[in-house]
Amino acid sequence: MDYLVIPAYEPDFNLIRLLKKIKEKSQMELIVLNDGSSSKAKVLFEQAEQYATVLHHENNQGKGQALKTAFTYIQSLGQYGTVITADADGQHKVWDIFRVATKAAENPNQLILGARTFTGKVPLRSRFGNSLTRALFKLQTGVGVSDTQTGLRAFTTNMIPFMLKVEGQRYEYEMNMLLEASKEYP
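Here goes a summary of the coordinates provided. Given the structure is predicted, the values throughout are model-derived calculations rather than measurements.

Things to note about the overall build of the protein chain
For the protein chain, the count of helices and strands is seven helices and six strands. Secondary structure elements in the protein chain, listed N-terminal to C-terminal, are β-α-β-α-β-α-β-α-β-α-β-α-α. Among the 186 residues that make up the protein chain, the fraction classed as buried is 47%. Residue pairs in contact within the protein chain that sit at least 24 positions apart in sequence constitute 72% of those at least 6 positions apart. In the structure as shown, the protein chain presents an accessible area of about 10,000 Å², 50% of it carried by carbon and sulfur atoms.

Structure follows, in structure tokens:
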């Protein structure tokens, strides 16, 4: 079973577009985590329920905690499979989501990253930030990663206990996930 996890805080209609495309082209179980969005997003989450299981945090707890809540839910289902994470803004192409899912299924016990290409009109801050974190990550771990900040990731469900132990509740969780995985699953 493949599970696509999408943490969402104040999403727009790109979330619904993504869910609809994934449902049309796959049998993935879709899980959306409403991370304490305001009442104006209520209609979007109601629409999302046509395609996905929608879990809710009453208050915003951060992307890391949203992912952990979804991972705990998947773990409670007790089915072996692949967990894919994607951002709610629609920046990840459906084909890329399927590619990381396939790679994770073919490589159990590995964290698979979907790398973005930083071409065209990429804000200098984003380009610089990713270059800096890539260099620091390589320096600290010896592992070369082309995109340390991607939200498109995949791994097999047997890695969920490890993912739940990684520290962090907000965006730092994703970097901590990379750091810890480079030690635990070299």
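Examining the packing of helix H1 (residues 14–25) against helix H4 (residues 94–106)
It is the contact of H1 with H4, at a shortest axis distance of 10 Å, that shows an interaxial angle of 55°. Considering the angle they form, H1 stands oblique to H4. Note on packing geometry: the crossing formed by H1 with H4 is right-handed. When H1 is examined against H4, the residues Leu18, Lys21, Ile22 and Lys25 are found in contact with a partner set consisting of Val94, Ile97 and Phe98. Here the contact of H1 with H4 is composed, by residue class, of five nonpolar, no polar and two charged.

Here we look at the nonpolar core
Across soluble globular proteins, nonpolar side chains have a tendency to be buried as a group. Leu4, Leu19, Ile22, Met28, Val32, Ile84 and Ile97 are the most contacted members of the largest nonpolar core, which totals 30 residues. For this core, the secondary structure elements donating two or more residues are strand S1 (2–8), H1, strand S2 (29–35), helix H2 (42–48) and H4. Element by element, the count of residues in this core is highest for H4, at six residues. Here Ile22 is in contact with Leu4, Met28, Leu30, Val94, Ile97 and Phe98, once residues within four sequence places are set aside. In terms of nonpolar packing, the next biggest core, distinct from the first, is built from 22 residues, Val5, Leu33, Phe71 and Leu178 among them.

Section: H4
With 13 residues, H4 extends 19 Å between its outermost C-alpha atoms, agreeing within 8% with the 18 Å of an ideal straight helix rising 1.5 Å per residue. When H4 is considered as a whole, its buried residues turn out to be Val94, Ile97, Phe98, Val100, Ala101 and Ala104. Axial view of H4: buried residues confined to an arc of 165°, hence all on one face. Of the exposed residues in H4, the ones pointing more than 90 degrees away from its buried face are Trp95 and Glu106.

Digging into the pairing of strand S4 (residues 82–85)
Here S4 shows no split at all, with Thr82 and Ile84 on one side and Val83 and Thr85 on the other all buried. Here four bridges tie S1 to S4, and the two strands are oriented parallel to one another. Along S4, the bridge assignment pairs Leu4 with Ile84. Note that S4 and strand S6 (residues 153–156) share four bridges and pair antiparallel. Within the sheet, the bridge partner assigned to Ile84 lies in S6 and is Ala154.

Considerations on the sheet that holds S4
An order of S3-S2-S1-S4-S6-S5 is seen for the six strands of this open sheet, with the pairing classed as mixed. Every other strand in the sheet has two partners, leaving strand S3 (53–57) and strand S5 (112–113) as the edge strands with one partner each. Both S5 and S6 contribute to a ladder of two bridges, which runs antiparallel. Pairing of Leu113 across the sheet is with Arg153, part of S6. Docked against the sheet, H4 engages S1, S4, S5 and S6, running at close to 145° with respect to S4.

Conventions and cut-offs
- Residues numbered from 1 in each chain as written.
- Predicted model: local features only at pLDDT ≥ 70, side-chain atom pairs only at ≥ 80, totals over all residues.
- Heavy atoms only, no water.
- Helix = DSSP H or I, 4+ residues; strand = E, 2+ residues; numbered from the N terminus.
- Buried < 20%, exposed > 50% of the residue type's maximum accessible area, 1.4 Å probe, protein only.
- Contact = heavy atoms within 4.5 Å.
- Areas by Shrake-Rupley, 256 points an atom, 1.4 Å probe, with all protein chains shown as cover.
- Axes fitted to C-alpha atoms, helices over the stretch in contact; angles between N-to-C directions.
- Parallel < 35°, antiparallel > 145°, perpendicular 65-115°, else oblique.
- Left-handed = near helix turned anticlockwise from the far one by under 90°.
- Nonpolar A, V, L, I, M, F, W, Y, C, P; charged D, E, K, R; others polar.
- Core = buried A, V, L, I, M, F, W, Y, C linked by side-chain atoms within 4.5 Å.
- Expected span 1.5 Å × (residues − 1).
- Arc of directions from axis to C-beta.
- Pairing = 2+ DSSP bridges.

Don't take any of this as a statement about function, it's just geometry.
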